[in-house]
Amino acid sequence: RQEIDNVWAVKTSSGSKGNGVTVVEGGMEVIMHIDELYTGSQQPVAVQKYVQDPLLVCGFKFDMRIWVVVDVELGVYQWNEGVLRVAAHPYSEDLEDTFSHLTNHCIAQQSDNYE
């Protein structure tokens, strides 16, 4: 498995269902991307480090969402059901292939591989 170095996910605050998410390589590219798309905009942007060498299931990137509540007495309550999301394409170093990097089902359903 190959690694991707210095990769960042840029997300807009107004995006939902995968809209407004871009995967960018390199620190300067992140700054240029934000300057190009958001200069003069009041829209907040979140930038997070892309997970290098992600855990894969059968060659596909995935994420799990599990909901918990922690009360003021530090009691933890977990919802009985969670969600497993899997990318539509096998993981690759091609950052243009968003179907291999993003697990959002609204993005995945646009792929010819979506079932």
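Residues numbered from 1 in each chain as written. Predicted model: local features only at pLDDT ≥ 70, side-chain atom pairs only at ≥ 80, totals over all residues. Heavy atoms only, no water.

Caption draft 1: Just the overall build of the protein, in detail. Scanning the protein for helices and strands turns up three helices and six strands. Along the protein, helices and strands appear, N-terminal first, in the series β-β-α-β-β-β-β-α-α. Taken over 115 residues, the protein has a buried fraction of 30%. Within the protein, contacts between residues separated by at least 24 positions form 46% of all contacts whose residues are at least 6 apart in sequence. In the form shown here, the protein has an accessible surface area of approximately 8100 Å², with 53% of it arising from carbon and sulfur atoms. (Helix = DSSP H or I, 4+ residues; strand = E, 2+ residues; numbered from the N terminus. Buried < 20%, exposed > 50% of the residue type's maximum accessible area, 1.4 Å probe, protein only. Contact = heavy atoms within 4.5 Å. Areas by Shrake-Rupley, 256 points an atom, 1.4 Å probe, with all protein chains shown as cover.)

Caption draft 2: Broad picture of a nonpolar patch on the surface. Together, Met64, Ile66, Val68, Val70, Leu74, Val76, Leu84 and Val86 line one region of the surface with nonpolar side chains, adding up to about 800 Å² of accessible area. Of the residues forming the nonpolar patch, the biggest block, four residues, is contributed by strand E5 (residues 60-70). (Patch = residues over 30% accessible without salt bridge, like charges linked within 9 Å, V, L, I, M, F, W, Y side chains within 5 Å. Salt bridge = Lys/Arg side-chain N within 4 Å of Asp/Glu carboxyl O.)

Caption draft 3: Summary view of helix H1 (residues 27-38). The end-to-end C-alpha distance of H1, which contains 12 residues, comes to 16 Å, matching closely the 16 Å that a straight helix rising 1.5 Å per residue would cover. On its buried side, H1 packs onto strand E1 (7-12), strand E2 (21-25) and strand E3 (45-49). Gly40 occupies a position one or two residues after H1 and carries a positive phi of about 85 degrees. (Expected span 1.5 Å × (residues − 1).)

Caption draft 4: Inspection of the sheet that holds E5 at higher detail. An order of E4-E5-E6 is seen for the three strands of this open sheet, with the pairing classed as antiparallel. Both edges of this open sheet fall to strand E4 (56-57) and strand E6 (76-86), since each of them pairs with a single strand only. Of the strand pairs in this sheet, E5 and E6 are connected by eight bridges, and their pairing is antiparallel. Across the sheet, the residue bridging to Met64 is Leu84, located in E6. (Pairing = 2+ DSSP bridges.)

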